[in-house]
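# Per-entry structural report
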Amino acid sequence: MKRTLFFSYGVVCYLVFFGTFLYAIGFVGNILVPKSIDSAATLPFGEALLINAALLGLFALQHSVMARQGFKKWWTKFVPVEIERSTYVMFTNVALILMFWQWQPMGGMIWNIENTAVQYVTYALFGLGWLLVLVSTFLINHFDLFGLRQVWLQLTGKKYTNLGFVTPGPYKMIRHPLYLGFLLAFWSTPVMTVTHLVFAIATTGYIFVAIWLEEKDLVTIHGSDYAEYRKKVPMILPVGKKKKLEGAYDQAV
């Protein structure tokens, strides 16, 4: 019974994540969602900015603190290890849903691209970014990243084993293609409002902090293998440090 409950919980957490992921695409791109990043402003600029900063800060705090090894060691004293990852995913879902719900558009215009061809380029980069995010998760084991592998193994009575150190596809060219995908998705827009700019700047800053924190953990877990990988492979853009090697495992923060 416990195994079935844990598995069901993991599936629910994953389904909520996938719905949240799809909503995030619509939220950032102003596509087919009831409230998006650039919906009509309803509060004074200063008040809206403070609320949005708090929402982004809450997400960053939850997403990074709960991913740290020290926190996991403490957290699994209360949460069964089999559902630790699923619980992390669910907390992330809640932080994102809260942000989508309480986000306060601020208006303002930074740029407005009117050239149709350039508009199509920004739309293509936006779509490419989200596709790169999703593909990157599958390359490093999508189902382990979002907790389904853990709950499936416990359901079938098998012991969980950590994933090996590999560099599939774009991981041979850059260390963090997943984060590159987010950067493309957040910055590629034909209409950049002040609201969108605040979001893009804040999330970009968080991404680089997250990479720093994540790579400290990866060096601890994988030792010299990841240290050598970091020396030889660029972080975000495929320029410089280009040397062939075998290995990287990128876990979202």
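## Remarks on the overall build of the chain
In terms of regular secondary structure, the chain is built from 10 helices and two strands. Ordering the α and β elements of the chain from the N terminus gives α-α-α-α-β-α-α-α-α-β-α-α. Taken over the C-alpha trace, the chain has a radius of gyration of 19 Å; the compact-globule value for 253 residues is 18 Å, and the two agree within 12%. The principal-axis extents of the C-alpha atoms in the chain amount to approximately 55 × 45 × 30 Å. Out of the 253 residues in the chain, the part that is buried amounts to 46%. For the chain, contacts bridging at least 24 residues in sequence account for 79% of all contacts bridging at least 6. Total accessible area computed for the chain in this model is approximately 12900 Å², and 71% of it derives from carbon and sulfur atoms. In the chain, the 21 positive side-chain charges and the 13 negative ones have mean positions that sit 8 Å from each other.

## Some details on the nonpolar core
Ranked by internal contacts, the top residues of the largest apolar core, which has 52 residues, are Val 28, Met 99, Trp 103, Trp 130, Tyr 179 and Phe 199. At the level of elements, helix H1 (2–29), helix H2 (45–65), helix H4 (84–102), helix H5 (116–139), helix H7 (148–155), helix H8 (177–187), helix H9 (194–222) and helix H10 (224–232) are the ones that each hand at least two residues to this core. Among the elements that make up this core, the one with the highest residue count is H1 (seven residues). Dropping the residues within four chain positions of it, Phe 199 is found in contact with Val 28, Ile 37, Leu 56, Met 99, Trp 103 and Phe 186.

## Re the pattern of salt bridges
Applying the stated criterion across every chain yields a total of six salt bridges. Its salt-bridge partner being Arg 230, residue Glu 215 comes within 3.8 Å of it at the nearest N-O pair. A residue pair is termed long-range when its members are at least 10 positions apart, and Glu 215 in helix H9 and Arg 230 in helix H10 qualify at 15 residues. Taking relative accessible area as the criterion, Arg 230 reaches 30% and is therefore assigned partly exposed.

## Here's the deal with H2
In this model H2 runs 30 Å from its N-terminal to its C-terminal C-alpha over 21 residues, within 8% of the 30 Å that 1.5 Å per residue would give. Residues of H2 that are buried include every one of Ala 48, Asn 52, Leu 55, Leu 56, Phe 59, Ala 60, Gln 62, His 63 and Ser 64, and no others. Residues of H2 that are buried sit in contact with H4 and H9.

## Comments concerning unusual backbone geometry
Positive phi, normally seen in glycine, also occurs at Asn 30, with a value near 55°. Residue Asn 30 is classed as partly exposed on the basis of its relative accessible area of 36%.

## Focus on the side chain of Asp 217
With respect to the helices, strands and loops of the structure, Asp 217 is situated in helix H9. The class of Asp 217 is buried, set by a relative accessible area of 14%. When neighbours within four sequence positions are excluded, Asp 217 is seen to be in contact with Ala 67, Arg 68 and Gln 69.

## With respect to the environment of Met 235
By the secondary structure assignment, Met 235 is in the segment after H10. Exposure remark for Met 235: the relative accessible area of 29% places this residue in the partly exposed category. The spacing of Met 235 and His 176 is 59 residues in sequence and 6.0 Å in space, taken between C-alpha atoms. Here Met 235 is in contact with Ile 174, Arg 175, His 176, Phe 208 and Ile 211, once residues within four sequence places are set aside.

## Observations concerning the environment of Thr 4
Along the chain, Thr 4 falls in helix H1. When the C-alpha atoms of Thr 4 and Gln 154 are compared, they prove to be 9.0 Å apart, with 150 residues separating the residues in sequence.

## Some thoughts on the packing of H2 against H9
At a minimum axis separation of 11 Å, H2 and H9 run at an interaxial angle of 25°. Relative to H9, H2 is oriented roughly parallel. Crossing of H2 against H9: the hand is right-handed. Facing Phe 45, Leu 49, Leu 56, Phe 59, Ala 60, His 63 and Ser 64 of H2, the residues of H9 in contact are Val 194, Val 198, Phe 199, Ala 202, Thr 203, Tyr 206 and Leu 213. Taken together, the residues that form the contact of H2 with H9 break down as 11 nonpolar, three polar and no charged.

## Focus: the packing of aromatic side chains
Inspection of every chain in the model, using the stated rule, returns 28 aromatic pairs. Here the aromatic rings of Phe 17 and Phe 18 are separated by 6.1 Å at their centres, their planes lie at 75°, and the arrangement is edge-to-face. Taking relative accessible area as the criterion, Phe 18 reaches 30% and is therefore assigned partly exposed. Ring geometry for Phe 21 against Trp 130: centres 5.5 Å apart, planes inclined by 80°, an arrangement best described as edge-to-face.

Rules of the game
Residues numbered from 1 in each chain as written. Predicted model: local features only at pLDDT ≥ 70, side-chain atom pairs only at ≥ 80, totals over all residues. Heavy atoms only, no water. Helix = DSSP H or I, 4+ residues; strand = E, 2+ residues; numbered from the N terminus. Rg over C-alpha atoms; globule rule 2.2 N^0.38 Å. Buried < 20%, exposed > 50% of the residue type's maximum accessible area, 1.4 Å probe, protein only. Contact = heavy atoms within 4.5 Å. Areas by Shrake-Rupley, 256 points an atom, 1.4 Å probe, with all protein chains shown as cover. Lys, Arg positive; Asp, Glu negative; His and termini not counted. Charge placed at Lys NZ, Arg CZ, Asp CG, Glu CD. Core = buried A, V, L, I, M, F, W, Y, C linked by side-chain atoms within 4.5 Å. Salt bridge = Lys/Arg side-chain N within 4 Å of Asp/Glu carboxyl O. Expected span 1.5 Å × (residues − 1). Axes fitted to C-alpha atoms, helices over the stretch in contact; angles between N-to-C directions. Parallel < 35°, antiparallel > 145°, perpendicular 65-115°, else oblique. Left-handed = near helix turned anticlockwise from the far one by under 90°. Nonpolar A, V, L, I, M, F, W, Y, C, P; charged D, E, K, R; others polar. Phe/Tyr/Trp six-rings, centres within 6.5 Å; stacked < 30°, edge-to-face > 60°.

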